[in-house]
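Report on the structure
Given next are the chains, with one letter for each unit.
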Amino acid sequence: MGIARRRFDCLVIGAGGGGLRAALQLAQEDLHVAVVSKVFPTRSHTVAAQGGINAALGNALPDNWHWHMYDTVKGSDYLGDQDAIEYMCRVAPRLVIELEHYGVPFTRLDNGRIYQRAFGGQSQNFGGDQAARTCPAADRTGHALLHTLYQQNMRAQTHFFDEYFAIDLLRDEEGFVVGALVLDIESGEPLVIEAKTTLLATGGACRIFRTSSNAMINTGDGIGMALRAGLPAQDMEFVQFHPTGIAGYGMLISEGVRGEGGYLVNKDGERFMERYAPKALDLASRDVVSRSIAIELREGRGCGPDGDHVLLKVDHLGADLIKKRLPGIRESAMHFAGTDPCEVPIPVAPTAHYSMGGIPTNLHGQVVAPERHGPEEAVPGLYAAGECACVSVHGANRLGGNSLLDIIVFGRAAGEHMAEYIRENPYNRPVADEAVDRAMQGLSRWDRKGDGISVADMYDRMSRVMEQNCSVFRTEEVMAEGVKRILELEEQLEDVRLSDHSRTFNTARIEALELGNLMEVAVATMLSAAARTESRGAHSHVDYPDRDDKNWLKHTLYLKDGHVLDYKPVRMRPLSVEAFPPKERVY
Amino acid sequence: MDADLGRLRWRSRRGMLELDVLLERFLKRHGEQLDSRDRAAYARLLECADEDLHAWFSGRMECPHAEFSELIRRVRAG
Ligand SMILES: Cc1cc2nc3c(=O)[nH]c(=O)nc-3n(C[C@H](O)[C@H](O)[C@H](O)COP(=O)(O)OP(=O)(O)OC[C@H]3O[C@@H](n4cnc5c(N)ncnc54)[C@H](O)[C@@H]3O)c2cc1C
């Protein structure tokens, strides 16, 4: 075995807000920390978050962590675990102030306190007046957060492996996770990183859908790794869609455009929202607008040669108003749709925005898995945090501003617990060559030569199936067909071949590895969705339009081996306060 | 594959979809023709923060570094 090895106390896979917050915690404990990231850390997807981070500071309007907890439980459509939600909302104010001390330049009120803006789903007094809970750093909150955490990690001497791609986890005979096999993208050489504890913080997976607001790097690698290690993925059917992404690309056109008077039309020029939401029209809630668009497309009233989008009309607002109030949107439309919205409507379609599901963890960030019909247990040495994890604070639906909070709170909690774990398990466990060999097969598989389907072609097929059969328009029939199609593609993955087998900076090879992970996530999502015969949060099932607490107030667990689905109860008991029992969710 | 171009391609993968699409499109159309000076400048441009690139490409802000202005114009033009 000629594969180089490096040894650390902790391995953090992913350098977004979640990974960097955990790494900082560990480095401050004087542990030897390696952070692996496939792109340069400050280019992680966290930079895209503009809106802000939630915490009940009560700086702008009265607020209380308990109200925040209520909103989050309700927003989750009661699928969120109430112990984790209580923990997150309670520590939020302290951790946001801590971020400020680290140097995040939050926007301020005149009195010097952190400015807070109102977002949807935020209330005072358990469902009363609007609350203002979101703390922005101008319109670059994610950027500020990521850069600050990166600087702090540099200071704390975290060791960064930039442009290294994690391929698979390494487990020993007793099930301990002992590190990972990674690939140096520059040289194309594999490397074994041995660690006493490993954290997965690889971010979201919305690239399984053809139209997504996520950067190309959001390919669900950590979830793929967990599944291949025999661990479950939880609640994968819950994906949040935004109704208006630029058709064919997916970048967001914010609600603001419809707020200013823009409206949607189908290929006949009909303002179709009049049929679906006669009162709220184009400003109905995100899921209603998304589904209405999806129905128009399904029923053949979509625009363009493929009938795959509708049009967002703004030209009637006049060029002056558009240039003054919506300059960014105009620029986006011109760049990506190639037309000026002052003259031509913007082609839009629902776009996949956030993955609520992920690798199941407890509130310490420990990955948990069911033990042969028994209750779940922590997987020794393995942690997960951020969008790739499912702790679960978002349940069936995430509230805006809660995901940046999630990554900070549970990134930190994971770091704390990893340090404690290392005090009890102070030695690196041996990493057997067999484990490395097994992981290497995932890489050497791409050395096979000959004719076959290309990576790009397979990605296209997979992401189209997910878009057609598992996005916002879900019926029994549509999803049954989706299951069939995605399982066929999963089999055909074997036939995908690379034509370029070079080593140095061979991005085609990296994209092939990503495709493998995307396929794992797509299958998990499709099967989990097809099985859930109710509508809850982001999963809206046309044939089962109501929430069914009697049968479905439970988390889905998907296991790769045999494509098995299992379920586990929602943790309805908070840590210190009374539970919020399920109620109808009306806003 | 041309490793140099591979490096530029990978570093064009960013934290924001808008940048991914613009940069990928630029490289697809012009990558092969870039001479070594252009490549070096493009590599330096990629060192800049996502937020800044986004502001420059969208025209929201003027890039203060003159050496990039021609490149930025070309990326914007697609
Ligand atoms: C357009 C947009 C706007 C948003 N706005 C907000 C907002 O205003 N407020 C809010 O709360 N949330 C917002 N969100 C959601 C939020 O940004 C994300 O959920 C969050 O940033 C995820 O952080 P993370 O640390 O889990 O992962 P990421 O920031 O995605 O980082 C993942 C890391 O993992 C690394 N990685 C992945 N795979 C591998 C691999 N195989 N090997 C090595 N490294 C790997 C990547 O290089 C990266 O460093 C927004 C999302 C989008 C798409």
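Please refer to the structure higher up on the page.
To keep things clear, this report deals only with the structure shown in the data block. (Residues numbered from 1 in each chain as written. Chains lettered and ligands numbered in written order. Predicted model: local features only at pLDDT ≥ 70, side-chain atom pairs only at ≥ 80, totals over all residues. Heavy atoms only, no water.)

1. Notes on the overall build of chain B
Test applied: Under the DSSP-based scheme used, a helix requires at least four consecutive residues in state H or I and a strand at least two consecutive residues in state E, with every element numbered from the N terminus. For the radius of gyration, the atom set is restricted to C-alpha positions; the globular benchmark scales as 2.2 Å times the number of residues to the power 0.38. Here, residues are in contact when the closest pair of their heavy atoms is within 4.5 Å. The Shrake-Rupley method, run with a 1.4 Å probe sphere, supplies the accessible areas, and residue values consider only the shown protein chains as cover.
The number of helices and strands found in chain B is 5 helices and 0 strands. Helices (α) and strands (β) of chain B occur, in sequence order from the N terminus, as α-α-α-α-α. Its C-alpha atoms give chain B a radius of gyration of 11 Å, within 12% of the compact-globule value 12 Å for 78 residues. Seen through its principal axes, chain B has C-alpha atoms that stretch 35 × 25 × 20 Å. When contacts within chain B are restricted to residue pairs at least 6 apart in sequence, long-range pairs at least 24 apart make up 54% of them. For chain B, the computed accessible surface area is about 3,700 Å², with 46% contributed by carbon and sulfur atoms.

2. Focus: the site of the ligand
Residue and element names in this part refer to chain A. Spelled out, the test is: By convention in this text, a residue qualifies as near a molecule or strand provided that one of its non-hydrogen atoms is within 4 Å of it. Under this definition, polar contacts are N or O atom pairs within 3.5 Å; protein pairs additionally need one hydrogen-donor-capable and one acceptor-capable atom, and for neighbouring residues in sequence, both atoms have to be side-chain atoms. Basically, the charged four are Asp, Glu, Lys and Arg, the nonpolar ten are Ala, Val, Leu, Ile, Met, Phe, Trp, Tyr, Cys and Pro, and anything else, Gly included, counts as polar.
Around the ligand there are 37 residues in total, and Ser 44, Thr 46, Glu 387, Ser 403 and Leu 404 lie nearest to it. Within the backbone of Gly 51, an N or O atom sits 2.8 Å from an oxygen atom of the ligand. Expressed as a share of its isolated accessible area of 1,000 Å², the protein-covered part of the ligand is 95%. When grouped by side-chain class, the residues that make up the shell around the ligand number 12 nonpolar, 21 polar and 4 charged.

3. Some thoughts on the state of the cysteines
In protein structure, a disulfide is the covalent linkage between the sulfur atoms of two cysteines. All names here are of chain A. Note the cut-off: For the purposes of this analysis, a disulfide is any pair of cysteine sulfur atoms at a distance within 2.5 Å. Partly exposed describes any residue whose relative accessible area lies between the buried limit of under 20% and the exposed limit of over 50%, with all areas from a 1.4 Å probe on protein chains only and scaled to the type maximum.
In total, this model carries 0 disulfides over all chains according to the counting rule given. Here Cys 10 is not disulfide-linked; the sulfur of Cys 388 is the nearest cysteine sulfur, at 16 Å. Just so you know, Cys 390 is unpaired, no disulfide at all, and the nearest cysteine sulfur is the one on Cys 388, 10 Å from it. Its relative accessible area of 3% is what places Cys 390 among the buried residues.

4. What to know about the sheet that holds strand S18 (residues 554-559) of chain A
All names here are of chain A. How we decide: DSSP-based pairing: two strands are paired if at least 2 bridges between them are found. Orientation is described by axes fitted as lines to C-alpha atoms, over the contacting stretch for helices, and by angles from 0 to 180 degrees between their N-to-C directions.
Read across the sheet, 3 strands follow the order S9-S18-S19 without closing on themselves; strand pairing throughout is antiparallel. Every interior strand has two partners, whereas the edge strands, strand S9 (233-234) and strand S19 (564-569), have only one. Relative to the sheet, helix H15 (residues 507-531) contacts S18 and S19, its axis offset from that of S18 by approximately 140 degrees.

5. Some thoughts on the pairing of strand S6 (residues 164-171) of chain A
All names here are of chain A. Burial runs high along S6: 7 of the 8 residues are buried. Here S6 runs beside strand S7 (residues 177-184); their pairing, made up of 7 bridges, is antiparallel. By the bridge assignment, Phe 165 is partnered in S7 with Leu 183. With antiparallel pairing between neighbouring strands as the criterion, S6 and S7 make up a hairpin whose turn holds 5 residues, including Gly 175 at a positive phi of roughly 90 degrees.

6. What about the interface of chain A and chain B?
Heads up, the condition is: A 1.4 Å probe defines the accessible area here, and the buried area is the portion of it lost by two parts on being joined, summed over both. Here, a salt bridge means any side-chain nitrogen of Lys or Arg that lies within 4 Å of a carboxyl oxygen of Asp or Glu.
Across the boundary between the two partners, chain A contributes 38 residues, which contact 28 residues of chain B. Taken together, the two surfaces of chain A and chain B that pack against each other cover about 2,900 Å², and 54% of this comes from carbon and sulfur. Looking at the side of chain A facing chain B, the largest losses of area belong to A:Arg43, A:Met216 and A:His335, adding up to 24% of the total buried there. Connecting chain A to chain B are 8 salt bridges. Measuring nitrogen to oxygen at the nearest pair gives 3.8 Å for the salt bridge that ties A:Glu511 to B:Arg13.

7. With respect to the side chain of A:His335
Residue position: A:His335 is located in helix H10 (residues 327-337). A relative accessible area of 11% means that A:His335 is categorised as buried. Not counting the four nearest positions on each side in its chain, A:His335 is found in contact with B:Leu22, B:Arg25, B:Phe57, B:Ser58 and B:Arg76.

8. Quick word on the environment of A:Arg445
Residue and element names in this part refer to chain A. Mapped onto the elements of the fold, Arg 445 is located in the loop between helix H12 (433-444) and helix H13 (455-470). Once the C-alpha coordinates of Arg 445 and Leu 513 are considered, the two residues, 68 residues apart in sequence, prove to be 9.8 Å apart. Setting aside chain neighbours within four positions, we find Arg 445 in contact with Leu 493, Glu 494, Asp 495, Val 496 and Arg 497. Reaching out from Arg 445, the side chain makes a polar contact with the backbone oxygen of Val 496 at a distance of 2.9 Å.

9. What to know about helix H11 (residues 402-424) of chain A
Since there are 3.6 residues in each turn of an α-helix, residues three or four apart along the chain are aligned in direction. What counts is decided by this rule: A helix is expected to span 1.5 Å multiplied by its residue count minus one.
The terminal C-alpha atoms of H11(A) lie 33 Å apart, and with 23 residues this matches the ideal 33 Å at 1.5 Å per residue to within 8%. Counting buried positions over the 23 residues of H11(A) gives 19, a clear majority of the element.

10. Examining the pattern of salt bridges
Residues and elements named next belong to chain A. In this structure the tally under the stated criterion is 60 salt bridges over all chains. With its nearest N and O atoms 3.3 Å apart, the salt bridge here joins Arg 448 to Glu 494. Of this pair, Arg 448 sits in the loop between H12 and H13 while Glu 494 sits in the loop between helix H14 (476-492) and H15; the two residues are 46 residues apart in sequence, bridging distant segments of the chain. On the basis of relative accessible area, Glu 494 is assigned to the partly exposed category, the value being 45%. Between Glu 481 and Arg 485 there is a salt bridge whose closest N-O contact spans 3.9 Å. Here Arg 485 and Glu 481 lie together in helix H14, a separation of 4 residues that amounts to about one turn. For Glu 481, a relative accessible area of 40% gives the class partly exposed. Assessed through its relative accessible area of 27%, Arg 485 is described here as partly exposed.

11. Some thoughts on unusual backbone geometry
Residue and element names in this part refer to chain A. A cis geometry characterises the amide bond from Val 391 onward to Ser 392, with omega recorded as -5 degrees. Residue position: Ser 392 is located in the loop between strand S17 (389-390) and H11. The phi dihedral of Asp 235 falls on the positive side, at around 55 degrees, and the residue is not glycine. Residue placement: Asp 235 occurs in the loop between S9 and strand S10 (239-246).

12. Structural notes on the nonpolar core
All names here are of chain A. The condition that has to hold: By nonpolar core is meant a set of buried Ala, Val, Leu, Ile, Met, Phe, Trp, Tyr and Cys residues that side-chain atoms within 4.5 Å join together.
Ranked by size, the top nonpolar core spans 204 residues in total, and within it Leu 200, Phe 410 and Ile 486 carry the most contacts. Element by element, the count of residues in this core is highest for H15, at 14 residues. With sequence-adjacent residues up to four places away left out, Ile 486 is seen in contact with Met 462, Val 465, Met 466, Met 519, Ala 522, Val 523 and Met 526. Core analysis: the second largest hydrophobic core is formed by 6 residues, Phe 238, Tyr 354, Ala 396 and Val 570 among them.

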